[in-house]
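Commentary on secondary and tertiary structure
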Amino acid sequence: ALADMCNLGDVLAPTAINNIQPATFKDMLYYCYGGKVSEENLRQNAKEIIEAADRFGVVNLKLEAEACYVDTVELTLDNIIGVVTYADSKNLALLKERCMDFLSSANKMEVARKVSFDDMPPRLVKDLMVAQARGETKSSASGDLDMMRVSQLRQLAHDKG
């Protein structure tokens, strides 16, 4: 994605990179060359870093920023549909799981009164049902991949190489 922005014929001309803060781009390049983005910077700019890492295909940085965002975002019945829709649009599995856990553990009558599901993509209903079932069984270590948490799936993938 980043390499596609360069024109081979015009080596000396600067390349404009729009819709990203210079500090975020600098952090992303630093990360690409082996640096580490500070925990504080990840926490303060998680969403912006997610956007940049997603745009330029820096997957590991996106995952780190997502983990910080999950820890810092305040979920409420007023913002839950916006957050879960964002998570779905950016393929943020950990954030989407947290949103579904929040919804499944909330007071169902309160959810029915306050949350409009009109803007939620229908494909997310299955994720909500899995979160509900996971909350009822209290155990997802049975080997059923559909019931495993994102962290368990990532660990399983890591262990298998």
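Residues numbered from 1 in each chain as written. Predicted model: local features only at pLDDT ≥ 70, side-chain atom pairs only at ≥ 80, totals over all residues. Heavy atoms only, no water.

Overview of the overall build of the protein
Rules: Numbered from the N terminus, helices here are DSSP runs of H or I no shorter than four residues, and strands are runs of E no shorter than two. Buried residues are those whose accessible area, probed at 1.4 Å on protein chains only, stays under 20% of the maximum for their type, while exposed residues exceed 50% and partly exposed ones sit between those limits. Only heavy atoms enter the contact rule, under which two residues are in contact if any of them lie within 4.5 Å.
In terms of helices and strands, the protein carries nine helices and zero strands. Listing each helix as α and each strand as β along the protein from the N terminus yields α-α-α-α-α-α-α-α-α. Classification of the 161 residues of the protein by burial places 36% in the buried group. Considering only contacts in the protein between residues 6 or more positions apart, those separated by 24 or more positions represent 60%.

Some words on the side chain of Asp27
In plain terms, the rule: Charge assignment in this entry is limited to Lys and Arg as positive and Asp and Glu as negative, and neither His nor the chain termini are counted. Salt bridges are defined as contacts in which a side-chain nitrogen from Lys or Arg sits within 4 Å of a carboxyl oxygen from Asp or Glu. We call two N or O atoms a polar contact when they sit within 3.5 Å, provided that within protein one can donate a hydrogen and the other can accept it, with sequence-adjacent residues counted only if both atoms are side-chain atoms.
Along the chain, Asp27 falls in helix H1 (residues 22-32). Despite its burial, Asp27 pairs with no opposite charge, the nearest such side chain being Lys26 at 6.6 Å. Within polar-contact distance, the side chain of Asp27 engages the side chain of Asn41 at 2.3 Å. Residues contacting Asp27, with those up to four places away along its chain left out, are Val37 and Asn41.

Considerations on the packing of helix H3 (residues 46-56) against helix H4 (residues 59-72)
Keep this limit in mind: Lines fitted to the C-alpha atoms define the axes, with helices restricted to the stretch that makes contact. Angles between their N-to-C directions range from 0 to 180 degrees. Any angle that falls under 35 degrees is termed roughly parallel, while one over 145 is termed roughly antiparallel, one within 65 to 115 roughly perpendicular, and all others oblique. When the near helix sits turned anticlockwise from the far one by under a right angle, the crossing is termed left-handed; a clockwise turn instead gives a right-handed crossing. We call Asp, Glu, Lys and Arg charged. Ala, Val, Leu, Ile, Met, Phe, Trp, Tyr, Cys and Pro are nonpolar, and the rest, Gly among them, are polar.
Where H3 contacts H4, the two axes come as close as 8 Å, and the packing angle between them is 155°. Our classification of the angle between H3 and H4 gives roughly antiparallel. Crossing handedness for the pair H3 and H4: left-handed. Contacts between H3 and H4 pair Ala46, Lys47, Ile49, Ile50, Ala53 and Asp54 from the former with Leu61, Lys62, Ala65, Glu66 and Tyr69 from the latter. Along the lines of polarity and charge, the residues of the contact of H3 with H4 split into seven nonpolar, no polar and four charged.

Observations regarding the pattern of salt bridges
A complete count under the given rule lists 14 salt bridges for this structure. With a shortest N-O distance of 3.5 Å, Arg149 and Glu97 are connected by a salt bridge. Of the two residues, Arg149 is situated in the loop between helix H8 (124-137) and helix H9 (150-160) and Glu97 in helix H6 (residues 93-105); the sequence distance between them amounts to 52 residues. The class for Arg149 is partly exposed, based on a relative accessible area of 28%.

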